[in-house]
Amino acid sequence: MAYEEQFTIFEAFSISPFPFQVALALAVVFLLLGLRWLISYEDVVEGVQEKMGWMLMAAPLVLLIAIRVL
C-alpha cells in the first residue's frame, strides 16, 4: 500500500510562511473596516442614549403619578 501524507492547515502555513506584504495589507483593510464600523456604531449608541435620557427623566414623574392615582 502506498503511504499518503495528510497535511493539516497548520503544516501548510509552516511549510510556506505567510508573506509579510499580504499580512500588512490585510491588517490595513481590517483596521479601516473596524474604524468604519466603530464610527457607525457610535452614532447608534448616541441616539439610544438620547432616548434613554428622556425615559430616565420621565420615569420619576410616571412613578409619582402612579402613586398618586393608587
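I will try to describe carefully the structure that is included in this document. For every chain, the first residue of the written sequence is number 1, and numbering continues from 1 along that sequence. In view of the model being predicted, local features appear only for residues whose pLDDT reaches at least 70, and side-chain atom pairs are presented and counted only at 80 or more, with totals across whole chains, interfaces and linings using the full set of residues. Excluded from the side-chain calculation are hydrogens and water; included are all heavy atoms of the structure.

Some details on the overall build of the protein chain
Move 1: Along the backbone of the protein chain there are 2 helices and 0 strands.
Move 2: Burial status across the protein chain gives 0% buried among its 70 residues.
Move 3: For the protein chain, the accessible area works out to roughly 7200 Å², and carbon and sulfur atoms hold 74% of it. A run of H or I in DSSP counts as a helix once it spans at least four residues, and a run of E counts as a strand once it spans at least two, with each numbered from the N terminus. Only protein chains enter the accessibility calculation, which uses a 1.4 Å probe. A residue is then buried if its area is under 20% of the maximum for its type, exposed if over 50%, and partly exposed in between. Per-residue and other accessible areas follow the Shrake-Rupley method at a 1.4 Å probe size, with only the shown protein chains counted as cover for residues.

Overview of helix H2 (residues 20-69)
Move 1: For a helix, the expected span equals 1.5 Å multiplied by the number of residues minus one. In this model H2 runs 71 Å from its N-terminal to its C-terminal C-alpha over 50 residues, within 8% of the 74 Å that 1.5 Å per residue would give.
Move 2: Of all the bends in H2, the largest measures some 30° and sits at Ala-58, one to four residues before the proline Pro-60.
Move 3: Little of H2 sits inside the fold, with 0 of its 50 residues counted as buried. Across the chain, bend at a residue is computed as the angle between axes fitted to the seven residues ending at that point and the seven starting from it.

Structural notes on a negative patch on the surface
Move 1: Candidates for patches are residues over 30% relative accessible area with no salt bridge; among them, like charges are joined within 9 Å and nonpolar side chains (Val, Leu, Ile, Met, Phe, Trp, Tyr) within 5 Å. By salt bridge we mean one thing: a side-chain nitrogen of Lys or Arg within 4 Å of a carboxyl oxygen of Asp or Glu. Only four residue types enter the charge count: Lys and Arg as positive, Asp and Glu as negative, with His and the chain ends excluded. A single reference atom marks each charge: NZ on Lys, CZ on Arg, CG on Asp, CD on Glu. Together, Glu-42, Asp-43, Glu-46 and Glu-50 make up a negatively charged patch on the protein surface.
Move 2: With respect to the element layout, Asp-43 can be found in helix H2.

Looking at a nonpolar patch on the surface
Move 1: A cluster of nonpolar residues, Phe-20, Leu-24, Val-28, Leu-31, Leu-32, Leu-35, Trp-37, Leu-38 and Tyr-41, forms a patch on the protein surface that exposes about 960 Å² of accessible area.
Move 2: Mapped onto the fold, Leu-38 is located in helix H2.
Move 3: Take Leu-38: its relative accessible area is 36%, and that puts it in the partly exposed class.

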